[in-house]
Amino acid sequence: MKHRAQWASRLGFILAAAGSAVGLGSIWKFPYVAAKNGGGVFLLLYIALSLTLGFVLMIAEILMGTLSRSSPVGAYREMGGRGWTWAGYMGVICGFLILSFYSVVGGWTIAYFVKTIDGHIIIPNSTQLELIFTTFVSSPVAPIVYHAIFIAFTALVVIAGVQKGIEQVSKYLMSSLLLLMFILIGRCITLDGAFDGVATFLQLDFEKVTMSSLLDAMGLAFFSLSIGMGAMMTYGSYVPRETSIVRSAISVISLTVGISLLAGIMVFSAIFAFGFNPGQGPGLTFVTMPAIFSQMQGGQFFGVLFFLLLFFAALTSAVSLLEVVVYFFMDEYHLPRPLITIIMTILMFILGCAASLSFGPWKSYTFFGKTIFDCLDYVTSNIMMPVGCLATSLVVGYAAFNRIKIYLVGINRFSILMVCFKWVCRIIAPVMIVVVLIQNL
Ligand code: PHE
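Residues numbered from 1 in each chain as written. Predicted model: local features only at pLDDT ≥ 70, side-chain atom pairs only at ≥ 80, totals over all residues. Heavy atoms only, no water.

(A) Region of interest: the site of the ligand. Near the ligand, the surroundings consist of 15 residues, among which Ala21, Leu24, Gly25, Tyr102 and Phe223 are the closest. Separating a nitrogen atom of the ligand from a backbone N or O atom of alanine 21 is a distance of 2.9 Å. One of the backbone nitrogen or oxygen atoms of phenylalanine 223 is found 2.8 Å away from a nitrogen atom of the ligand. Among the elements of the structure, helix 1 (10-21), helix 2 (24-36), helix 10 (211-224) and helix 14 (299-333) are those that each provide at least two residues to the shell around the ligand. (Near = heavy atom within 4 Å. Polar contact = N/O pair within 3.5 Å; in protein donor to acceptor, adjacent residues only side chain to side chain. Helix = DSSP H or I, 4+ residues; strand = E, 2+ residues; numbered from the N terminus.)

Given below as structure tokens:
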């Protein structure tokens, strides 16, 4: 009998899974990618993809975990056969690689939280803010110290285990995140001119939509739902048998899509109220938002809340990435949780240092024209995660379909869902993902 951790409650599982999904992807990446792609239509695409492909793949991943009760490697082995274990290993490696650069940005959120408290970045001049940002990220020491702090927090939560660590922390942080989000939205949409921002964000501008917006929307949907690398499989393996996976997945997807939308509305209303350019790109969060806070009444207070929110969101996602790697070693090699967490954290910290230095002293080390940070991001989000989603849909659609069918019929009796599920996994998802992959290469 294997040692099996379980979630203490269904709510605990939903909040942990939503904690994994809601992260820098929803709050930092989503608003600027949506802006780049013309707002409204991109938003519709993102929502449509999350509710269809994302929904099916999330159920598929969670089910693979729940039915096999194993880490991604064991789950693929059991559900798909030995020929599919490579997909599990790829997920574990993907988790390792994502966390190494994700925790660098996680460190930035702590740094900006501190900088907002000491008032250092509450200045209205965006050129100067840009300079502060580039000087900070390119310096060889400070971002690495914050990266270490961020990854240490992540490790502490994972060492504490599934119920006492991940579940408890997700409950507190996700509830606080929702609360902070509502306070900030309330502040942002009551600014003069905010409604123009919201209107622009929601405007349907079909001309800006291209094939590449579709690709962006799909990549972002996978990344922001945490599917394609085994995080949902790992969390799914701790789900007690009697929990309804379909209902839980509906809650997780609604929370994630809802929070991304709210983040978009919050950022856009603030940007338009102060006449900034939303097409700023990745600097939107770290450059434009502080400039906005500096012009807002009570801005320092709201700025502190904003970076705290970003930190909470990033931490619960980072925890799920580390858990994939740690649980793989526990499940396959029976290594103790604390030991393997410490070893992996140190290795990820080292790789993360390289990613962080690639903004400064190591900027010139490039592969295919990309810095180390960009390479890690590109390889994981644009190659490994789509391939992982492809593997999941094929395993669930063909090899494991009968097992999954029995489970879904037995628990949910949703027969229409079953038909959709089958054809999305067998044909629609694989075809769409292959098209995206080919376009990306
Ligand atoms: N979904 C997280 C985010 O949006 C990132 C993530 C990807 C987390 C894959 C876990 C697994 O920030």
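(B) Representation of the side chain of serine 26 in the model. In this fold, serine 26 is placed in helix 2. A distance of 3.4 Å separates the side chain of serine 26 from the side chain of serine 260, its partner in a polar contact. The contact partners of serine 26, leaving out residues within four places of it in the chain, are Ala21, Pro31, Ser224, Thr256, Ser260 and Ala263. (Contact = heavy atoms within 4.5 Å.)

(C) Representation of helix 1. With twelve residues, helix 1 should reach 16 Å at 1.5 Å per residue; the first-to-last C-alpha distance of 16 Å fits that figure. Of all the twelve residues making up helix 1, ten are buried; the element is thus mostly covered by neighbouring parts of the structure. By the burial criterion, the buried members of helix 1 are Gly12, Phe13, Ile14, Leu15, Ala16, Ala17, Ala18, Gly19, Ser20 and Ala21. (Expected span 1.5 Å × (residues − 1). Buried < 20%, exposed > 50% of the residue type's maximum accessible area, 1.4 Å probe, protein only.)

(D) Layout of the confidence of the model for the protein. Taken over all residues, the pLDDT of the protein has a mean of 88, while the share at 70 or more is 97%. Within the protein, no element has a lower average pLDDT than helix 17 (residues 401-412), which sits at 73, and none a higher one than helix 7 (residues 142-159), at 97. (pLDDT = per-residue confidence, 0-100.)

(E) Region of the structure containing the packing of aromatic side chains. Enumeration according to the criterion identifies 30 aromatic pairs in this entry. Relative to tyrosine 235, the ring of tryptophan 7 lies with its centre 5.1 Å away and its plane at 80°, an arrangement referred to as edge-to-face. One end of the pair, tryptophan 7, is in the segment before helix 1; the other, tyrosine 235, is in helix 11 (residues 231-236), and 228 residues separate them in sequence. Taking the relative accessible area as the measure of exposure, tryptophan 7 reaches 2% and is therefore buried. Centre to centre, the rings of phenylalanine 306 and phenylalanine 307 are 5.2 Å apart; their planes meet at 80°, and the pair counts as edge-to-face. A network of ring pairs unites the aromatic residues Phe101, Trp108, Tyr112, Phe133, Phe136, Tyr146, Phe286, Phe293, Phe306, Phe307, Phe359 and Phe373 as a single cluster. Above the face of the tryptophan 423 ring, arginine 426 is positioned so that its terminal group lies 5.8 Å from the ring centre. (Phe/Tyr/Trp six-rings, centres within 6.5 Å; stacked < 30°, edge-to-face > 60°. Lys NZ or Arg CZ within 6 Å of the ring centre and 35° of its normal.)

(F) Summary view of a nonpolar patch on the surface. On the surface, Met211, Tyr398, Val419, Trp423, Ile427, Ile428, Val431 and Val435 cluster together to form a nonpolar patch covering roughly 710 Å² of accessible area. Broken down by element, the residue count for the nonpolar patch peaks at six residues, all from helix 18 (residues 415-440). Structurally, the position occupied by isoleucine 427 is in helix 18. By relative accessible area, isoleucine 427 is classed as partly exposed at 41%. (Patch = residues over 30% accessible without salt bridge, like charges linked within 9 Å, V, L, I, M, F, W, Y side chains within 5 Å. Areas by Shrake-Rupley, 256 points an atom, 1.4 Å probe, with all protein chains shown as cover. Salt bridge = Lys/Arg side-chain N within 4 Å of Asp/Glu carboxyl O.)

(G) Representation of the side chain of serine 320 in the model. Its place among the elements puts serine 320 in helix 14. Within the structure, serine 320 has its side chain in polar contact with the backbone oxygen of serine 317 (distance 2.7 Å).

(H) Region of interest: the pattern of salt bridges. Taken as a whole, this structure holds three salt bridges when the rule is applied. Its salt-bridge partner being arginine 77, residue glutamate 332 comes within 2.9 Å of it at the nearest N-O pair. Taken together, the residues glutamate 332 in helix 14 and arginine 77 in helix 4 (residues 72-80) connect sequence positions 255 residues apart. Notably, a salt bridge pairs glutamate 78 with arginine 403, separated by 3.4 Å at the nearest N-O pair. Placement of the pair is glutamate 78 in helix 4 and arginine 403 in helix 17, with a sequence separation of 325 residues.

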